[in-house]
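Chain by chain, the residues run as shown.
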Amino acid sequence: MNRTQLIEQVKAKQSYLCVGLDTDVAKIPGHLQAQPEAVLQFNKAIINATKNYCVAYKINTAFYEVYGLKGWEILEETLAYIPSTHFTIADAKRGDIGNTSAQYARTFFETYRFDAVTVAPYMGEDSIRPFLEYKDKFTIVLGLTSNKGAGDFEYLKTSAGNYFYEEVISKISTWGTQENLMFVVGATQAKELEKIRKIIPGNFLLIPGVGAQGGSLEDVSKYGMNKDCGLLVNVGRSILYASAQEDFSEAATTISREYQQQMADYLETYLSV
């Protein structure tokens, strides 16, 4: 899916919701846990429950890699079940020397055919360049995260007086384009979105941290939207575990619909799509 198609989906659904399929078998409803295909059954039910209200799905590979070969098979089957109308993200946070990154890029863009993959920028341009070489694929670079450790490096001041994260985003933005480069910005960092939009006014941002982590959808929408919306707001636990009972899929539908309705209001308020 390219950028134009993604924007079309946002407009058509009046939504910029991304559902995070970071499925923890210990947290899914008890009646499913004994099933041999518990995670896959759960994922399929969540996809069915949310597909009308979201435009993207994000699969955190850590929740599948932990099960070895079987986990990768579940990941692949989950990915295949996602409708082609939806943007798919491999939340893998890869990044290594060039020839290794080239293999990571092949893994997620050719073998599994995700639309996007998250990468860590610490090793510099040659670790990111192989991902950017794919047409109609997106590299999503960690820009400003919402974890406690963000203060260890991301908020260090440079000799130019900027935060380190600002320098990272600014430099990386010159390596790609709006057509192949996105950035991760944690929802709890909404106050920084105005600064970030001055650096990268046109790029899409993947925003985790709304919902269970306490990020404000309104603040993210107010300060992060650009003329094309430019946001994918990821919600995971609030939707996945909306109910621990047999009505979990109905509960997921209710929560995802509520997010979509809020997003439609914010699109009208801040963008007039």
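Residues numbered from 1 in each chain as written. Predicted model: local features only at pLDDT ≥ 70, side-chain atom pairs only at ≥ 80, totals over all residues. Heavy atoms only, no water.

Q: Describe the pairing of strand β2 (residues 56–60), naming the residues involved and giving the relevant values.
A: β2 sits mainly inside the fold: five of its five residues count as buried. Burial of β2 is two-sided: the residues Ala-56, Lys-58 and Asn-60 facing one way and the residues Tyr-57 and Ile-59 facing the other way are all buried. Bridge analysis of β2 against strand β3 (residues 87–94) gives five bridges, and the strand direction is parallel. Each bridged residue has a counterpart across the sheet, and for Lys-58 the counterpart in β3 is Ile-89. (Buried < 20%, exposed > 50% of the residue type's maximum accessible area, 1.4 Å probe, protein only. Helix = DSSP H or I, 4+ residues; strand = E, 2+ residues; numbered from the N terminus. Pairing = 2+ DSSP bridges.)

Q: Describe the environment of Ala-252, naming the residues involved and giving the relevant values.
A: One can find Ala-252 in helix α13 (residues 248–270). By relative accessible area, Ala-252 is classed as buried at 0%. Spatially, the C-alpha atoms of Ala-252 and Lys-222 are 25 Å apart, while their sequence positions differ by 30 residues. In this structure Ala-252 touches Ile-46, Ala-49, Thr-50, Ile-239 and Ala-242, once residues within four positions along its chain are discounted. (Contact = heavy atoms within 4.5 Å.)

Q: Which residues make up the side chain of Ser-256, and what are the values?
A: One can find Ser-256 in helix α13. In this structure Ser-256 comes out as buried when scored by relative accessible area, which is 0%. One polar contact links the side chain of Ser-256 to the main-chain carbonyl oxygen of Ala-252, over a distance of 2.9 Å. In contact with Ser-256, not counting residues within four places along its chain, are Leu-17, Ala-49, Thr-50, Tyr-53 and Ile-239. (Polar contact = N/O pair within 3.5 Å; in protein donor to acceptor, adjacent residues only side chain to side chain.)

Q: With reference to specific residues and values, describe helix α6 (residues 98–111).
A: Between its first and last C-alpha, α6 extends 18 Å over 14 residues, near the 20 Å set by a 1.5 Å rise per residue. Taken together, the buried positions of α6 are occupied by Ser-101, Ala-105, Phe-108 and Phe-109. At its buried positions, α6 is contacted by α5 (69–81), β3, β4 (116–119), α7 (125–132) and β5 (138–144). Arg-113 sits one or two residues past α6 and shows a positive phi near 60°. (Expected span 1.5 Å × (residues − 1).)

Q: Which residues make up the pattern of salt bridges, and what are the values?
A: Per the stated rule, a full pass over the model turns up nine salt bridges. Put simply, Arg-94 and Glu-65 hold a salt bridge, and the shortest N to O gap is 3.0 Å. With a gap of 29 residues between them, Arg-94 in strand β3 and Glu-65 in helix α4 (residues 62–65) connect regions that are remote in the sequence. Put simply, Asp-22, Lys-58, Asp-91 and Lys-93 are held in one network by salt bridges that share partners. (Salt bridge = Lys/Arg side-chain N within 4 Å of Asp/Glu carboxyl O.)

Q: Tell me about helix α9 (residues 164–172), and name the residues and values.
A: By the burial criterion, the buried members of α9 are Tyr-165, Glu-166, Val-168, Ile-169 and Ile-172. With its buried residues spanning 160° around the axis, α9 presents them on a single face. (Arc of directions from axis to C-beta.)

Q: Could you give me a rundown of the sheet that holds β5, with the residues and numbers involved?
A: Around the barrel, which closes on itself, the eight strands sit in the order β1-β2-β3-β4-β5-β6-β7-β8 with parallel pairing between neighbours. Pairwise comparison of adjacent strand axes, ignoring direction, gives a mean angle of 30° for this sheet. Judged from the three bridges that link them, β3 and β4 form a sheet pairing that is parallel. Within β4, the residue paired with Ala-90 across the bridge is Val-117. Where helix α11 (residues 217–224) meets the sheet, it contacts β7 (205–207) and β8 (231–235), and its direction lies at approximately 165° from that of β8. (Axes fitted to C-alpha atoms, helices over the stretch in contact; angles between N-to-C directions.)

Q: Let's hear about the packing of aromatic side chains: which residues, and what values?
A: Per the stated rule, a full pass over the model turns up eleven aromatic pairs. Each member of the aromatic cluster is reached from another via a ring pair, and the members are Phe-42, Tyr-241 and Phe-248. The ring of Tyr-163 has Lys-157 sitting right over it, with the charged end atom 5.0 Å from the ring centre. (Phe/Tyr/Trp six-rings, centres within 6.5 Å; stacked < 30°, edge-to-face > 60°. Lys NZ or Arg CZ within 6 Å of the ring centre and 35° of its normal.)

Q: Outline the pairing of β3, supporting the account with residue identities and numerical values.
A: For a regular strand, side-chain orientation follows a simple rule: the groups alternate between the two sheet faces. For β3, the buried fraction is high: seven of the eight residues fall into the buried class. In terms of handedness, the path from β3 via α6 over to β4 forms a crossover that is right-handed. (Right-handed = clockwise from strand over helix to strand, strands pointing away.)

Q: Help me get a handle on the side chain of Thr-61, residues and values and all.
A: Mapping Thr-61 onto the fold places it in the loop between β2 and α4. Residues within four places of Thr-61 in sequence aside, it is in contact with Leu-75, Asp-91, Ala-92, Arg-94 and Phe-108.

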